[in-house]
Amino acid sequence: AAILGAVATHPDCRRRGLSRELVRTLASRITREGRAAYVFSASEANTRFYQHSGFEITAGFRELIRSR
């Protein structure tokens, strides 16, 4: 399996579909290699982005943050 994360686009290049195309291309390549592609998303906006990029929600998780 492979985990995709930290996908970002420079502000000057946003709203052009570049991140979506990158994610779709990587996920397709990973799948062709016989592996599964996963993403951990803690925000609703990111979850929607990945859903629009071809991913589906298969499980939930809880982000835990510990204070110092």
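Scope of this entry: the structure provided in the associated data block. (Residues numbered from 1 in each chain as written. Predicted model: local features only at pLDDT ≥ 70, side-chain atom pairs only at ≥ 80, totals over all residues. Heavy atoms only, no water.)

**Some remarks on the side chain of S53**
Where we set the bar: Every helix listed is a DSSP run of H or I at least four residues long, and every strand listed is a run of E at least two residues long, numbered separately from the N terminus. Here's how the labels work: a residue is buried when its accessible area is under 20% of the maximum for its type, exposed when over 50%, partly exposed in between, all with a 1.4 Å probe on protein chains only. By the criterion applied in these results, polar contacts are pairs of N or O atoms within 3.5 Å in which, for protein atoms, one can donate a hydrogen and the other can accept it, and in which residues neighboring in sequence qualify only through two side-chain atoms. We call two residues contacting when some pair of their heavy atoms lies within 4.5 Å.
Assignment of secondary structure puts S53 in the segment after α2 (44-52). Its relative accessible area of 5% is what places S53 among the buried residues. At a separation of 2.9 Å, a polar atom in the side chain of S53 contacts the main-chain carbonyl oxygen of F49. Contacts of S53, omitting those with residues within four sequence positions, involve R20, V23 and R24.

**Details of the pattern of salt bridges**
Filter applied, for reference: Salt bridges, as used here, are contacts in which a Lys or Arg side-chain nitrogen is within 4 Å of a carboxyl oxygen on Asp or Glu.
Taken as a whole, this structure holds three salt bridges when the rule is applied. Of the charged contacts in the structure, one is a salt bridge between E33 and R29, with a shortest N-O distance of 3.5 Å. Among the residues examined, R29 registers a relative accessible area of 52% and is labelled exposed. Taking the shortest distance from any N to any O, the salt bridge between R48 and E44 comes out at 3.2 Å. With R48 and E44 both in helix α2, this residue pair falls four residues apart, about one helical turn.

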